[in-house]
Amino acid sequence: LIILWTFAATALPRAASASETVDRIVAVVNDDIISLFELNKVYRPYEERIKSIGYPPQKEEEMLYKVREDLINQLIEQKLTDQQTDQAQITVSEAEIDSAIERIKQANYYSDEQMLEGLKREGFTMAEYRDRLREQILRTKLVNREVKSKIVITEEDIRDYYQNHPEEFQGEQKYHLRNILLRVSPYADDEEKAEIQDRLKAIRSRIEAGESFAEMARRHSEISLAKEGGDLGFFTFESLAPHLKSALEGLAAGDMTPVLDTEQGMQLFYVEEIQREAGKTLEEAMAEIQEKLYNEIVDERFQSWLSELRENSHIKIIR
């Protein structure tokens with residue numbers, strides 16, 4: 001299921017209830033504790049996954065240790081944020097949880113039955129899932145109060161970003177391409193492949209000597225577009241296959257790629273024309289830049305806020 005909020009420890013459950021068995025204390029966070037029961041509840045799925053991969057013993061031990069340490073720190077941060085939500089008397093109504101569930105259903109095109117089935121597959125009852133959403137909404141409200149409400153993005157910030165990242169706002173570059181393709185049988189041996197490659201290299205040499213690429217495509221290319229001079233049309237650079245991107249890098253209009261050995265056969269590409277679409281003006285990019293800067297600052301400030309919270313709290317990890 002897709003959760004609508006992101007937060008450092010939202011996937012972790014709250015503390016075990018008093019009725020649950022607590023083997024021992026693994027950490028103290030101000031007036032609260034983290035039990036071995038809580039830690040194991042989130043640790044075991046990772047442990048099973050790591051052990052199932054079959055790492056060498058030392059590597060497995062190192063990975064399990066790191067995961068355990070990371071989870072303890074996440075539980076500590078969760079406990080700290082839970083304490084802050086209690087202190088700030090932040091609450092979540094049943095109506096807010098209902099709205100969150102409806103948004104999740106709409107985003108995933110779930111019916112009520114599909115939602116319940118998805119929860120069952122993930123090991124949740126609806127009541128447990130509602131509790132998890134309640135915690136996520138509580139922490140989101142806390143982040144809004146402690147972090148987001150104190151962030152201001154100025155026009156100068158936006159203008160500086162626009163000027164320092166011109167590549168992000170340039171229009172897309174499009175390549176008008178032609179090609180010549182000589183097919184290679186899947187049963188061809190190396191000698192046959194080399195012969196076809198040499199034929200296409202000879203065609204390339206004739207084009208370099210002044211013959212028309214389009215005319216050579218009409219005569220020699222083995223695809224239906226041959227009669228149109230191998231005209232493939234326009235492509236954005238990002239839409240091209242990796243091997244073709246690499247071959248076209250640095251080429252100008254009128255240039256050809258080397259002969260390429262592809263899944264379709266031996267190919268030669270010709271750059272008929274390069275066009276660049278109009279880029280975004282500062283005014284057009286302003287909302288996009290503001291959101292990007294805002295999210296970056298939120299992440300940075302949230303981590304700083306958590307660090308400060310840890311420094312001002314009594315935390316003891318018991319090994």
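Each chain carries its own residue numbering, running from 1 in the direction its sequence is written. For a predicted model such as this one, the threshold for reporting local features is a pLDDT of at least 70, and the threshold for listing and counting side-chain atom pairs is 80 or more; totals across whole chains, interfaces and linings nevertheless cover every residue. With hydrogens and water stripped out, all remaining heavy atoms of the structure feed into the side-chain values.

Here we look at the environment of Gly230
Link 1 in the chain: Note on conventions: DSSP H or I runs of at least 4 residues are helices, E runs of at least 2 residues are strands, and numbering of each starts at the N terminus. Among the secondary structure elements, Gly230 is positioned in the loop between helix H8 (213-220) and strand E4 (231-236).
Link 2 in the chain: Burial classes: relative accessible area under 20% of the type maximum marks a residue as buried, over 50% as exposed, and values in between as partly exposed (1.4 Å probe, protein chains only). Residue Gly230 is classed as buried on the basis of its relative accessible area, which comes to 0%.
Link 3 in the chain: For the pair Gly230 and Tyr55, spaced 175 residues apart in sequence, the C-alpha to C-alpha distance is 51 Å.
Link 4 in the chain: Working rule for contacts: check all heavy atoms of both residues, and any pair within 4.5 Å makes them a contact. Non-local contacts of Gly230, meaning those with residues more than four positions away in its chain, are made with Leu177, Arg178, Asn179, Ala217 and Leu225.

Thoughts on the sheet that holds strand E7 (residues 315-317)
Link 1 in the chain: The strand order across the open sheet built from 3 strands is E2-E1-E7, with neighbouring strands paired in antiparallel fashion. Among the strands making up the open sheet, the edge pair consists of strand E2 (32-35) and E7. Direction aside, the axes of adjacent strands within the sheet are offset by 20° on average.
Link 2 in the chain: Sheet topology places strand E1 (residues 25-29) next to E7; 3 bridges connect them, and they run antiparallel. Bridge assignment links Val28 to a residue of E7, and that residue is Lys316.
Link 3 in the chain: Every axis corresponds to a line fitted to the C-alpha atoms, with the helix fit spanning only the stretch in contact, and the corresponding angles, defined between N-to-C directions, vary from 0 to 180 degrees. Helix H1 (residues 36-53) contacts E1 and E2 of the sheet and is inclined by roughly 50° relative to E2. One bridge is not enough; two strands pair if DSSP finds at least two bridges between them.

Regarding a negative patch on the surface
Link 1 in the chain: Patch membership requires over 30% relative accessible area and the absence of a salt bridge. Like charges are linked within 9 Å, and nonpolar side chains (Val, Leu, Ile, Met, Phe, Trp, Tyr) within 5 Å. Working definition of accessibility: Shrake-Rupley area with a 1.4 Å probe, residue cover restricted to the visible protein chains. Salt bridge, as applied in this entry: a Lys or Arg side-chain nitrogen positioned within 4 Å of an Asp or Glu carboxyl oxygen. In this tally, Asp and Glu contribute negative charge and Lys and Arg positive charge; neither His nor the terminal groups of the chain are included. Where a charge lies is defined by one atom per residue type, namely NZ (Lys), CZ (Arg), CG (Asp) and CD (Glu). On the surface, a cluster of negative charge is made up of Asp189, Asp190, Glu191, Glu192, Glu195 and Asp198.
Link 2 in the chain: Secondary-structure assignment places Asp198 in helix H7 (residues 190-208).

Looking at the sheet that holds strand E3 (residues 173-182)
Link 1 in the chain: Ordered in space as E4-E3-E6-E5, the 4 strands form an open sheet in which the pairing is antiparallel. In this open sheet, the two strands that pair with only one neighbour each are E4 and strand E5 (260-261).
Link 2 in the chain: For E3 and strand E6 (residues 266-276), the ladder comprises 10 bridges, and the chain directions are antiparallel. If you follow Ile180 over to E6, its bridge partner there is Leu268.

Overview of the packing of helix H3 (residues 94-108) against helix H5 (residues 126-146)
Link 1 in the chain: Where H3 meets H5, the closest approach of the two axes is 10 Å, and the angle between their N-to-C directions is 105°. When the axis of H3 is compared with that of H5, the two are roughly perpendicular. Here H3 contributes Glu94, Glu96, Ile97, Asp98, Ala100, Ile101 and Ile104 to the contact with H5, which in turn contributes Met126, Tyr129, Arg130, Leu133, Arg134, Ile137 and Lys141.
Link 2 in the chain: When the residues that make up the contact of H3 with H5 are grouped by side-chain class, the tally is 8 nonpolar, no polar and 6 charged. Comment on the angle field: the value is read as roughly parallel under 35 degrees, roughly antiparallel over 145, roughly perpendicular from 65 to 115, and oblique elsewhere. Residue polarity is assigned by list, with Asp, Glu, Lys and Arg as charged and Ala, Val, Leu, Ile, Met, Phe, Trp, Tyr, Cys and Pro as nonpolar; anything else, Gly included, falls into the polar class.

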